[in-house]
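Coordinate inspection notes
Residues per chain are reported as follows:
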Amino acid sequence: MLFCALFCFLASSARAQNDAINRYFEAQLENEIFTSVYVSPKLIEIVSQIDLQSLDDGDMEDNEAAMIEEVLGQLKGLMLLKTDVEPMTHYKQVLSDFSGLNSGFDLLLSVRDKGNNVKIWTQTATDNTIQELLLLVGGKEEMIMLSLTGNIDLKKISKLAGNVDIDGIDYLDNLDKSQQ
Amino acid sequence: MKRILYALIILFGFVTIAEASGDPIKNFYRKYKKRDQVFNIALPGVLTRTCIGMARIFVHDEEAKAGLKLARKMKGIRLLVDNGHQIPKAAGKALIKDLGSQSNMETLVSVRENGNYTVVMGQIKGKKIKKIVVIAFEEGHFTMVAVKSRLKIKHVNQLIKALQKRAQKKKDKQKETEKEKNSPMA
């Protein structure tokens, strides 16, 4: 009985956290001071079926295209919010909203990189696979919130930094550094 | 007899309502296409395929042929470009909403930056891309491109492979000319 109640509580709080991210994202979608990017699971599914290795014209390193294909195959969705208007205020707002809810998200990393505060949270499933990764960057110049969903392998996802041109994704490089 | 009559009236009513609500893209296109400073073009699938079929006779380049083969999968194209504040932003947003609720289309990508907003919506069944709609708002400008297709991912991969083949050929040719230049005989 107690186990069931605990399970229900954990499940609902995890959902509440996900909802908090989605709610914040949806609320800022119409806000013109934010740059927003949303990539649906369907599109990622399509792109992952495209033969990226054929697109490699020799500029990519060995197995790089295969690795990107593999990472894309694991991803299910991407959401990005970015602003340079009062970035620290927005950073603190997201941080307080996010930390206020006790959920299945674990703080994986907290560093200062290029003068910015960088925090990475992950949400793991029962089989220890990472289902969601949330990156929050706040500094004097910009605030970035990046959410990646799917079946995420930290070793591989960090490789996206430098290979994919999305704001904030280069901060995933910190994952690689922390693992070393 | 009365029951049959009622049933027919109800059925007729449903058909009329369904036709009246119709395709949001078609309704939107019809509503705004005649406004000043609105450029519009609608190419039916038959015309597109015929033109592409004719073009393929004269094209010998492999890459272009692959591109045309891909283009033949397009069933119809509608383009609406407003350069003079004729289409209100709210109408565009309502269209996006209707596409989601009435046409079962889902947002594939949306990007908002510096007041510009671009959204790509699609209707994908299995591995087939049935419809793609691109809607873009810029300051005073509005663009809508709606494409009906029979496109599959394998067609995109075929085009990529054709392009890659061509790029490889170019590279090989360049290498050969460089070798010839550097050879002691030269």
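The rules behind the values
- Residues numbered from 1 in each chain as written.
- Chains lettered and ligands numbered in written order.
- Predicted model: local features only at pLDDT ≥ 70, side-chain atom pairs only at ≥ 80, totals over all residues.
- Helix = DSSP H or I, 4+ residues; strand = E, 2+ residues; numbered from the N terminus.
- Contact = placed C-beta atoms within 7 Å.
- Buried ≥ 20, exposed ≤ 12 C-beta atoms within 10 Å, placed from the backbone.
- Nonpolar A, V, L, I, M, F, W, Y, C, P; charged D, E, K, R; others polar.
- Pairing = 2+ DSSP bridges.
- Core = buried A, V, L, I, M, F, W, Y, C linked by C-beta atoms within 7 Å.
- Expected span 1.5 Å × (residues − 1).
- Axes fitted to C-alpha atoms, helices over the stretch in contact; angles between N-to-C directions.
- Parallel < 35°, antiparallel > 145°, perpendicular 65-115°, else oblique.
- Left-handed = near helix turned anticlockwise from the far one by under 90°.
- pLDDT = per-residue confidence, 0-100.

Let us look at the overall build of chain A. Scanning chain A from terminus to terminus reveals 7 helices and 6 strands. Order of helices (α) and strands (β) in chain A, N terminus to C terminus: α-β-α-α-α-β-α-β-β-β-β-α-α. Of all intrachain contacts in chain A linking residues separated by at least 6 positions in sequence, the fraction that spans at least 24 positions is 60%.

Attention now moves to the overall build of chain B. Secondary structure summary: chain B contains 6 helices and 6 strands in total. Each helix (α) and strand (β) of chain B, taken in turn from the N terminus, gives the series α-α-β-α-α-β-α-β-β-β-β-α. Relative to its full complement of 186 residues, chain B shows a buried share of 17%. Considering only contacts in chain B between residues 6 or more positions apart, those separated by 24 or more positions represent 60%.

Contacts between chain B and chain A engage 17 residues on the former and 16 residues on the latter. Contributions of two or more residues to the side of chain B that touches chain A are made by β3 (106–113) and α6 (153–182) of chain B. The biggest single contributor to the side of chain B that touches chain A is β3(B), with 8 residues. The residue makeup of the side of chain B that touches chain A, split by class, is 8 nonpolar, 5 polar and 4 charged. Bridge count between strand β1 (residues 35–39) of chain A and β3(B): 4 bridges; the pairing is antiparallel.

Membership of the largest hydrophobic core comes to 35 residues, with the highest contact counts inside it found for L133(A), L134(A), L135(A), L136(A), V137(A), L146(A) and L148(A). Every element with two or more residues in this core is listed here: β1, α4 (64–74), β2 (75–83), α5 (87–100), β4 (116–124), β5 (130–138) and β6 (143–152) of chain A. In this structure L148(A) touches L75(A), L78(A), E132(A), L133(A) and I157(A), once residues within four positions along its chain are discounted. By size, the runner-up hydrophobic cluster in this structure holds 18 residues, among which are L99(B), M105(B), V119(B) and F142(B).

Another aspect to go through is helix α3 (residues 45–58) of chain B. For α3(B), which comprises 14 residues, the first-to-last C-alpha distance of 21 Å matches the rise-based estimate of 20 Å (1.5 Å per residue) to within 8%. Taking burial as the measure, the 14 residues of α3(B) include 0 buried ones, a minor fraction of the element.

Even without being a glycine, E86(A) presents a positive backbone phi close to 45°. With respect to the helices and strands, the residue E86(A) is situated in the loop between β2 and α5. You will see that N114(B), though not glycine, has its phi angle at about 50°, which is positive. With respect to the helices, strands and loops of the structure, N114(B) is situated in the loop between β3 and β4 (116–125).

This next bit is on the packing of helix α4 (residues 62–71) of chain B against α6(B). Residues and elements named next belong to chain B. Two numbers describe how α4 lies on α6: the axes approach to 9 Å, and their chain directions differ by 170°. In terms of their interaxial angle, α4 and α6 are classed as roughly antiparallel. From α4, E62, E63, A66, G67 and L70 reach across to α6, where they touch H155, Q158, L159, A162, L163, K165 and R166. Split into classes, the residues belonging to the contact of α4 with α6 amount to 5 nonpolar, 3 polar and 4 charged.

As a further point, take the packing of α3(B) against α4(B). Residue and element names in this part refer to chain B. Between α3 and α4, the shortest axis-to-axis distance is 10 Å and the interhelical angle comes to 165°. It follows from the interaxial angle that α3 and α4 lie roughly antiparallel. Classified by chirality, the crossing of α4 by α3 is left-handed. Seen from α3, the contacting residues are I52, A55 and R56; seen from α4, they are K65, L68 and A71.

The next subject is the sheet that holds β5(A). Through backbone hydrogen bonds, the strands of a sheet pair up, either in parallel or in antiparallel fashion. One open sheet accounts for 12 strands, arranged β3(A)-β4(A)-β5(A)-β6(A)-β2(A)-β1(A)-β3(B)-β4(B)-β5(B)-β6(B)-β2(B)-β1(B); its pairing is antiparallel. For this open sheet the edge positions go to β3 (105–113) of chain A together with β1 (38–44) of chain B, each flanked by a neighbour on one side alone. Pairwise comparison of adjacent strand axes, ignoring direction, gives a mean angle of 10° for this sheet. One ladder, built from 9 bridges, connects β4(B) with strand β5 (residues 128–138) of chain B; its direction is antiparallel. Paired with T118(B) across the bridge in β5(B) is A136(B). Sheet contacts for helix α2 (residues 41–49) of chain A: β1 and β2 of chain A together with β3 and β4 of chain B; angle to β2(A), the most-contacted strand, approximately 120°. Seen against the sheet, helix α2 (residues 24–32) of chain B touches β1, β2 (74–82), β5 and β6 (141–152) of chain B and runs at an angle of roughly 40° to β2(B).

Quick look at the pairing of β1(A) now. By the bridge criterion, 5 bridges tie β1(A) to β2(A) in an arrangement that is antiparallel. Of the residues in β2(A), the one forming a bridge with T35(A) is K82(A).

Turning next to helix α5 (residues 89–101) of chain B. The end-to-end C-alpha separation of α5(B) is 19 Å, in line with the 18 Å expected for 13 residues at 1.5 Å each. Buried residues in α5(B) make contact with α2, β4, β5 and β6 of chain B.

In this section: the confidence of the model for chain A. Residue and element names in this part refer to chain A. On average, residues of chain A score 76 in pLDDT, and 71% of them reach the 70 mark or higher. Within chain A, no element has a lower average pLDDT than helix α1 (residues 2–29), which sits at 58, and none a higher one than β1, at 91. Residue range residues 1–16 is modelled with pLDDT below 50. Its contacts to residues more than four positions away, or to other chains, number 10 contacts.

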